[in-house]
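Each chain is listed here by its residues.
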Amino acid sequence: MAGWREADRASNRLVGAVGDDPSAVLAHDLAGLERLSPGELERAFFGLLRDPAAEDEVRLPSRPESARVARRLVVSVLRAWELHQQVEAGELLAGELVANAVRHAGGRTVGLKLGRRQGWVRIEVRDSSRALPCLIVAAERGASNGHGLVLVDAVADRWGADLMPRGKAVWCELKVRERAA
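Let me sum up the structure you'll find in this document. (Residues numbered from 1 in each chain as written. Predicted model: local features only at pLDDT ≥ 70, side-chain atom pairs only at ≥ 80, totals over all residues. Heavy atoms only, no water.)

**A few points about the nonpolar core**
One finds Leu 97, Leu 112 and Ile 123 to be the most contacted residues of the largest nonpolar core, which totals 37 residues. Mapped onto this core, the elements with two or more residues apiece are helix H3 (38-50), strand S1 (58-61), helix H4 (65-80), helix H5 (87-104), strand S2 (109-117), strand S3 (120-127), helix H6 (148-155) and strand S5 (167-175). With nine residues, the single largest contributor to this core is H5. If we ignore the near neighbours within four places in the chain, the residues touching Leu 112 are Leu 49, Glu 57, Val 58, Ala 70, Leu 73, Val 74, Ile 123, Glu 124 and Val 125. (Core = buried A, V, L, I, M, F, W, Y, C linked by side-chain atoms within 4.5 Å. Buried < 20%, exposed > 50% of the residue type's maximum accessible area, 1.4 Å probe, protein only. Helix = DSSP H or I, 4+ residues; strand = E, 2+ residues; numbered from the N terminus. Contact = heavy atoms within 4.5 Å.)

Here it is, written out as structure tokens:
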């Protein structure tokens, strides 16, 4: 129960810090976030991501375990939105985008944001680097890296990257077949 309360406090502080200059609050709260288990992170941030109209992003520590947390969050949200056909692809895409940000951006956190509009669901990962990603086909079969954006390109209906004032956002979108009313 103490972990749950700490997760809730950390998420509230970080959500409030996403605005102007979160560096001071973020440095303090990052230590608290890094102590949370993936399950505690998921419980703390699920509510924020579930709202398709939310403008905020979830900030995760820039470490390999955050890809697993992002995958679980995306699966939970897509199920809550009843987009069961997109769950498998969304899980893969979220993991690849977060893993790439952790591996290549060099920041202390990465941001995860989900959006939904008529006919589309969007997964967006933000980081502090302004270096845009490029699609590189791995030279060898079975190479341990170099497949992230190749997978994103193959699975997503469209993807891209946008420069932001403090970094970039790499995003992908999946088509959603809406049910007739």
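**Things to note about the side chain of Ser 129**
Mapped onto the fold, Ser 129 is located in the loop between S3 and H6. Judged by relative accessible area, Ser 129 falls into the buried class, the value being 15%. Of note is the side chain of Ser 129, whose polar atom sits 3.1 Å from the backbone nitrogen of Ala 131. When neighbours within four sequence positions are excluded, Ser 129 is seen to be in contact with Ala 105, Gly 167 and Lys 168. (Polar contact = N/O pair within 3.5 Å; in protein donor to acceptor, adjacent residues only side chain to side chain.)

**Side note on the pattern of salt bridges**
For the structure shown, the criterion picks out ten salt bridges. With its nearest N and O atoms 2.4 Å apart, the salt bridge here joins Glu 173 to Arg 158. A residue pair is termed long-range when its members are at least 10 positions apart, and Glu 173 in strand S5 and Arg 158 in strand S4 (residues 158-164) qualify at 15 residues. Under the relative-accessibility criterion, Glu 173 is labelled buried at 3%. (Salt bridge = Lys/Arg side-chain N within 4 Å of Asp/Glu carboxyl O.)

**Quick word on the packing of H4 against H5**
Viewed as axis vectors pointing N to C, H4 and H5 meet at an angle of 150 degrees, and their least axial separation amounts to 8 Å. Taken together, the axes of H4 and H5 lie roughly antiparallel to each other. In terms of crossing hand, the pair formed by H4 and H5 is right-handed. Side by side, H4 and H5 meet where Ser 66, Ala 67, Ala 70, Arg 71, Val 74, Val 75, Leu 78 and Arg 79 of the first sit next to Val 87, Gly 90, Glu 91, Ala 94, Gly 95, Val 98 and Ala 99 of the second. Considering only residue class, the contact of H4 with H5 consists of nine nonpolar, three polar and three charged. (Axes fitted to C-alpha atoms, helices over the stretch in contact; angles between N-to-C directions. Parallel < 35°, antiparallel > 145°, perpendicular 65-115°, else oblique. Left-handed = near helix turned anticlockwise from the far one by under 90°. Nonpolar A, V, L, I, M, F, W, Y, C, P; charged D, E, K, R; others polar.)

**Looking at unusual backbone geometry**
Positive phi is not limited to glycine here, since Glu 82 has a value of about 60 degrees. Along the polypeptide, Glu 82 turns up in the loop between H4 and H5.

**Considerations on the pairing of S2**
With seven of nine residues buried, S2 lies mostly within the body of the structure. Of the strand pairs in this sheet, S1 and S2 are connected by four bridges, and their pairing is antiparallel. Bridge pairing in S2 links Leu 60 to Val 110. Summarising the sheet, S2 and S3 pair through seven bridges and their orientation is antiparallel. In the sheet register, Leu 112 faces S3, and the bridge partner there is Val 125. (Pairing = 2+ DSSP bridges.)

**A short note on the sheet that holds S5**
Strand order in this open sheet of five strands is S1-S2-S3-S5-S4, and the pairing throughout is antiparallel. Of all the strands in the sheet, the pair left with one neighbour each is S1 and S4. Adjacent strand axes in the sheet meet at a mean angle of 25 degrees when their direction is disregarded. The strands touched by H4 are S1, S2 and S3; relative to S2, the strand with the most contacts, the crossing angle is about 15 degrees. Here H5 sits on the sheet and contacts S2, S3 and S5; the angle it forms with S3, its principal contact strand, is near 15 degrees.

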